[in-house]
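Fold and contact review
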Amino acid sequence: MEKQIEFRTSGSTGAPKVIAKPEGTLMADAAMLAQHFAAWFADAAQLRVLSTISREHMYGTLWLGYLMDLVKPAEVRQVPSPESFLAEQAAAGDRPIILITTPSFLAEFLNHPLHVQVKPTVRAVVTSGSLLSAPLSQRATACFGACPTEIYGATETGSIAWRQQAQGDSWELFEGVEAEPSTEGITLYSPFCLGGTWTLRDGVVFEPDNPRCFRLLGRQDRRVKVLEQWVDLNEVEAALTAHPWIEAAAAFPSGERITRIWVLAVLTAAGREALLAQGYGALQRALREAGRQAGLPEVALPRRYRFVHALPYNARGKLAVAELQRAAAGAWPQPVIEGLTQSESSLDLRAAFPADHPFFAGHFPDFAILPGVAQLIFIRSWIRQAFGVLPDGGATQLKFRQVVRPGQWLTLHIDRAGATFTFTLARGDEICASGKLAEAQP
């Protein structure tokens, strides 16, 4: 009996489940990829493959396991952080690099201040797990000198299609894969599918002059009822990401008694400038009006925005509704964040608080300043995000030296030593606040 390889799905669109695939199906999929991208692997003895993904899931098993066994590059290395990618690229010298990654890592990397150190040795960038937004694809192309190759597929189906957005937003079916639209989404006929046939609930439109190319319209099951009207979350996200202020957006339903649409959004550089200049209220009003102009009905216009530095992708590059709701449920919005870098023992970022941030409310009516307690709330929140612990064990050596005003850029630096976190909050060369926070002890 043929060996079965088990995978656990992410649960981004439902409950996680275990899927068993015949090993021969995976080997056939890898052989097709090796042939399709043969030009990448022509000089495999010189090639370094750098990966941010795990072999635990379908994408990693296929690309890092079966495909690498076929093409036999000189080396396959894990690069869990932007710093490690740059170090591995430097160590490779002039030898070509292929980066196998996810959209979430690309977003993190391109927001890292050291991304400008990338050398022109990257031959290909491969992503899967979720779609790259057009702005992110363009930024990645400019950084790496290679337009990301996106892979469309699923655990049940294997590889389906690919695209490079420099050539347009259409997807092209891989060799051996046939597909057609159906009432449920897209039906596939492929040697890489379970049972040879599978239907995914992704809406598609095939190109009239090329039946092997199609555009994705988003999942068919992303329709929710709001005040007795159906709202397509794909349309909400499309309207938002068409705006020059929005790099990426995730819309989701929220509310216990009355369902409303909430959105997590990542701002472009122009969007961050607009937020600092105009504030949260003006930005949200402008986006609501843009949604109306795009044809969204009133019930589809988001009632809450949270502007975040990155969407909460999980390890597989997926967005789960539970994580989106958790990220949006905070009592206060993030300030504008830039230049985020972190390691196991340190964190650095730049932040600026718009004038209408809730932290300034009532403090003071004619001369707004950022209260010391608000600075500590902000710092504690980042310790929790970066290190996964609650620094509620007490504060020592606290000093608040300079007044912080709306719109001023601050640099936060945190060093971790065991259960103690030493921080400085500075404005240029001036230290505004410093101290130590401790993790709560059991």
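Heads up: the structure comes first, above all this text.
Report on the accompanying structure.

About the thresholds
Residues numbered from 1 in each chain as written. Predicted model: local features only at pLDDT ≥ 70, side-chain atom pairs only at ≥ 80, totals over all residues. Heavy atoms only, no water. Helix = DSSP H or I, 4+ residues; strand = E, 2+ residues; numbered from the N terminus. Buried < 20%, exposed > 50% of the residue type's maximum accessible area, 1.4 Å probe, protein only. Contact = heavy atoms within 4.5 Å. Phe/Tyr/Trp six-rings, centres within 6.5 Å; stacked < 30°, edge-to-face > 60°. Salt bridge = Lys/Arg side-chain N within 4 Å of Asp/Glu carboxyl O. Pairing = 2+ DSSP bridges. Axes fitted to C-alpha atoms, helices over the stretch in contact; angles between N-to-C directions. Polar contact = N/O pair within 3.5 Å; in protein donor to acceptor, adjacent residues only side chain to side chain.

Before going further, it helps to examine the side chain of Thr155. Here Thr155 is to be found in the loop between strand E7 (149-154) and strand E8 (158-163). Residue class for Thr155 comes out buried when judged on its relative accessible area of 16%. Sequence-distant contacts of Thr155, that is, excluding residues within four places in its chain, are made with Phe7, Thr9, Ile19, Lys21 and Met58.

Here we take up the packing of aromatic side chains. Scanning the entire structure with this criterion turns up 20 aromatic pairs. Seen in terms of ring centroids, Phe37 and Phe174 are 6.1 Å apart; in terms of plane orientation they differ by 80 degrees. Their pairing is edge-to-face. Pair noted here: Phe37 is in the loop between helix H1 (23-36) and strand E3 (48-51) and Phe174 is in the loop between strand E9 (171-173) and strand E10 (178-181), with a separation of 137 residues, a long-range link. Phe174 shares its class with Phe37; the two are buried. Measuring from ring centre to ring centre gives 6.2 Å for Trp40 and Phe41, while their planes differ by 75 degrees; the resulting arrangement is edge-to-face. In terms of burial, Trp40 and Phe41 fall into one category: buried.

Inspection of the entire model under this criterion finds 17 salt bridges. Two residues, Arg163 and Glu150, come together in a salt bridge whose shortest N-O distance is 3.0 Å. Pair noted here: Arg163 is in strand E8 and Glu150 is in strand E7, with a separation of 13 residues, a long-range link. In terms of burial, Arg163 and Glu150 fall into one category: buried. Here the residues in one salt-bridge network are Arg48, Glu75, Arg77 and Glu88, joined through shared partners.

Moving on, we come to the sheet that holds strand E19 (residues 304-307). Within the open sheet, the three strands sit side by side as E17-E18-E19. Their pairing is mixed. Each of the sheet's edge strands pairs with one partner strand only, and the pair in question is strand E17 (246-254) and E19. Neighbour to neighbour, the strand axes of the sheet diverge by 20 degrees on average, direction disregarded. Across the sheet, helix H6 (residues 233-241) lies against E17, strand E18 (260-267) and E19, angled at about 150 degrees from E17, the strand it touches most.

Tracing the backbone shows Leu67 in helix H2 (residues 58-71). Along the primary structure Leu67 and Gln164 are separated by 97 residues, whereas in three dimensions their C-alpha atoms are 20 Å apart.

Further remarks concern the environment of Glu237. Tracing the sequence through the fold places Glu237 in helix H6. Overall, the relative accessible area of 15% leaves Glu237 in the buried class. Separated by 60 residues in the primary sequence, Glu237 and Val177 have C-alpha atoms spaced 29 Å apart. When residues no more than four places from it in sequence are discounted, the contact partners of Glu237 are Arg222, Ala249, Ala250 and Ala251. Here Arg222 takes part through its side chain, which lies 2.8 Å from a polar atom of the side chain of Glu237.

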